[in-house]
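Remarks on the overall topology
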Amino acid sequence: MEMNAIYNSFVAVGDSFTEGMSDLLPDGSYRGWADLLASRLAARTPGFRYANLAVRGKLIGQIVEEQVDLAAAMKADVVTLVGGLNDTLRPKCDMGRVRGLLEQAVERLAPSCGQLVLMRSPGRNGPVMERFRPRMEELFSYVDELAARHGALVVDLYGAEVLGDRRLWDVDRLHLTAEGHRRVAEAVWQTLGMEAEDDWRAPLPPAVPARWVTRRAGDVRFARQHLGPWMARRLTGRSSGDGRPGKRPDLLPYPPDTGRGDGAQPGS
């Protein structure tokens with residue numbers, strides 16, 4: 001990869017991870033790694049343009065149907081595609097279909113942009129991660145295969161031990177904290193050939209073990225506030241992203257002095 005390459009435009013495609021949950025700003029909107037990356041790229045290139053088509057809760061089929069053609073038409077210098085992980089977390093998941101849809105997305109995006117970037121997504125260490133790890137690793141193996149076939153870059157977040165640290169995950173146990181998103185932005189920045197500003201893989205300080213009562217209280221709060229609503233949406237066929245537009249649907253100039261995009265959707 002060319003070091004310190006110049007990029008004039010960036011389009012982000014995906015789900016809640018790319019939308020920026022749970023990097024919450026004071027006004028109730030989400031920032032996230034893609035906004036942070038865009039801000040840093042904009043600081044290097046006058047007139048830099050950025051679009052973020054991501055919507056929380058989207059499955060890979062919805063990403064292909066609703067975002068991929070729009071992103072391809074923008075012909076950006078950089079396109080990031082992260083999708084399929086929501087599919088692997090469903091009780092019933094047709095991995096053959098997921099692979100086929102991901103291939104369809106890559107085949108459409110790779111020739112339309114200067115550089116396509118794929119990711120091996122991170123996961124929070126714990127029992128949920130262990131349950132779905134085989135599906136995730138199957139997905140990531142196919143990401144590597146597609147990248148090699150189509151000249152895409154791969155950011156290996158899954159292979160970074162620190163991004164499994166529970167302290168980098170929000171209380172919903174599904175989305176990264178602000179520090180987690182900052183590290184992802186740095187990882188993509190370096191993958192694009194930019195000079196490293198810090199070690200995004202650096203471990204956190206040793207954790208102070210929480211008391212048993214504190215852990216159980218956290219489990220109860222998580223089940224009531226996050227797990228219960230998530231299961232209810234699965235049972236009723238609803239999604240947290242239903243009716244939401246892309247975060248920043250148009251490829252427009254982006255200011256270098258902010259870490260958020262215009263049109264960010266309020267958190268819920």
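Residues numbered from 1 in each chain as written. Predicted model: local features only at pLDDT ≥ 70, side-chain atom pairs only at ≥ 80, totals over all residues. Heavy atoms only, no water.

**A closer look at the packing of aromatic side chains**
Evaluated as defined, the whole model comprises 4 aromatic pairs. Both rings, one in F17 and one in W33, keep their centres 5.8 Å apart while their planes meet at 40°; by these two values the pair is tilted. Taken together, the positions of F17 in helix α1 (residues 16–19) and W33 in helix α2 (residues 33–42) put the pair 16 residues apart, joining distant regions of the chain. Of the residues examined, W33 reaches a relative accessible area of 0% and is grouped as buried. On the basis of an interplanar angle of 80° and a centroid distance of 4.9 Å, the ring pair of Y50 and Y254 is categorised as edge-to-face. Taken as a pair, Y50 in strand β2 (residues 49–52) and Y254 in the segment after β6 (248–253) lie far apart in primary sequence, 204 residues in all. Here Y50 and Y254 have matching classes, each one buried. These aromatic residues form a ring-pair network of at least three members: F10, Y50 and Y254. Over the ring of W189 we find R40, and its NZ or CZ is 4.2 Å from the ring centre. (Phe/Tyr/Trp six-rings, centres within 6.5 Å; stacked < 30°, edge-to-face > 60°. Helix = DSSP H or I, 4+ residues; strand = E, 2+ residues; numbered from the N terminus. Buried < 20%, exposed > 50% of the residue type's maximum accessible area, 1.4 Å probe, protein only. Lys NZ or Arg CZ within 6 Å of the ring centre and 35° of its normal.)

**Concerning empty space enclosed by the protein**
In this approach a probe as big as a water molecule rolls over the atoms, and the regions it shows empty are the leftover space. Tallying each qualifying case throughout the model produces 1 cavity of 30 Å³ or more. Considered as a void within the structure, the largest cavity measures approximately 70 Å³ in volume. Along its surface, the largest cavity is lined by L81, V82, G83, L85, L102, L118, M119, S121, L139, F140 and V143. Residue assignment for the lining of the largest cavity shows that the elements contributing at least two residues are β3 (78–82), β4 (115–120) and α6 (127–150). Of the residues forming the lining of the largest cavity, the biggest block, 3 residues, is contributed by α6. Looking at side-chain class alone, the lining of the largest cavity contains 9 nonpolar, 2 polar and no charged residues. (1 Å grid on protein atoms, 1.4 Å probe; cavity = no way out; pocket = protein on both sides within 12 Å on 5 of 7 lines; lining within 4 Å. Points joined across faces, edges and corners; volume = space filled by probe spheres on them. Nonpolar A, V, L, I, M, F, W, Y, C, P; charged D, E, K, R; others polar.)

**Quick notes on unusual backbone geometry**
Omega for the bond connecting M21 with S22 falls within 30 degrees of zero, at 5°, which places this linkage in the cis form. The topology assignment puts S22 in the loop between α1 and α2. Although it is not a glycine, K75 sits at a positive phi angle of roughly 50°. Even without a glycine there, the phi angle at R173 is positive, about 65°. In this fold, R173 is placed in the loop between β5 (153–156) and α7 (178–191).

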